[in-house]
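Analysis of the macromolecular model
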Amino acid sequence: MSDVHFDFAVLLTVLTFVTGLGWLVDKLWLAQRRRALIGGDDKPGWIIDFCRSFFPVIFAVLVLRSFVAEPFRIPSESMLPTLIKGDFILVNKFTYGLRDPVFHHRFFGNGEPARGDVVVFRWPRDPSTDFIKRIVGVPGDHLVYKDKTLYVNGVVAKLEADGVYAASGSSSDVRYRLRENLSGVEHHILTDPNRPVDSLCGPASSGANESLCAGDELVLPPGQYFGMGDNRDGSFDSRGWGTIPEANLVGRAFFIWMSWDAQSKRPFFSRIGTPIR
């Protein structure tokens, strides 16, 4: 059984159960009893009134957040230039199957991430923390990361130079923007020429949690995915802490619904409504 971490989803589930129970008890028994005792006046106590008023709202939020789309805020620069710090995104919760909001068991659907998907997942080292990375390897893939270039099943993920990256609110380090072709999926990544190639690699390990250091080779076991940030020299990802279990998947990021620049305290209007690729 999966560990239960008391987060907002669990709180919503508990509130839905409590208010739903109060609403049901009132519907089946208390309301009739009040009308019989006081001649038709149907004014409940504050607890029952709270349950009757808020149960539909809480239940709707739980269903939408758990099974349709969940909002997240990007807290770091690990996914530059695709996502910037301060982006507010929506994550599709049914792309990889529906899961219960407490134990995260998949009960419907069998979708799996594809190479190039930008995915939110529960961090394997601390499942109470959500991470977002791009999937670069799926079960069975043979991966090599060498000279800041990724090889998937012996095929290089081709890189094309696309200028120097600079953005308001980001660090001032020089980073080169490259266009990467990952098995037909094109997207931009950043590299830092002053960052050693193995600076983000973790210690060698074995089993499903194996990481990928510079020049190493890795074959992904069944049910395990490999995620990397698009900011390749500024992302703490599978190179350092290992693979992503299928059970930890939350959903696919697909849409930026708001973006906020903390320095200028204004929205980035040009990013609002942008699809995530």
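Since this is a predicted model, take the numbers as computed values, not measurements. (Residues numbered from 1 in each chain as written. Predicted model: local features only at pLDDT ≥ 70, side-chain atom pairs only at ≥ 80, totals over all residues. Heavy atoms only, no water.)

Some details on the pairing of strand 11 (residues 175–182)
- Two elements, strand 10 (residues 158–165) and strand 11, share 6 bridges in a ladder whose sense is antiparallel. Bridge pairing links Y165 to R175 in strand 11.
- With 7 bridges connecting them, strand 11 and strand 12 (residues 185–191) associate as antiparallel partners. Within strand 12, the residue paired with N181 across the bridge is E186. (Pairing = 2+ DSSP bridges. Helix = DSSP H or I, 4+ residues; strand = E, 2+ residues; numbered from the N terminus.)

Digging into the environment of V120
- Residue placement: V120 occurs in strand 5 (residues 118–122).
- A C-alpha to C-alpha distance of 8.9 Å links V120 and R134, two positions 14 residues apart in sequence.
- In this structure V120 touches F72, I89, V91, D130, F131, I132, L249, V250 and G251, once residues within four positions along its chain are discounted. (Contact = heavy atoms within 4.5 Å.)

A word on the nonpolar core
- Counting residues in each nonpolar core, the largest one holds 13 residues, and the members touching the most others are L83, I89, V118, V120, I132, A253 and I276.
- Ranked by residue count, the leading element in this core is strand 16 (residues 249–261), at 3 residues.
- Contacts of V118, omitting those with residues within four sequence positions, involve M79, L83, I132, K133, R134, G251, R252, A253, I276 and R277.
- Counting residues in hydrophobic clusters, the runner-up holds 12 residues, among them V152, L182, L212 and F226. (Core = buried A, V, L, I, M, F, W, Y, C linked by side-chain atoms within 4.5 Å. Buried < 20%, exposed > 50% of the residue type's maximum accessible area, 1.4 Å probe, protein only.)

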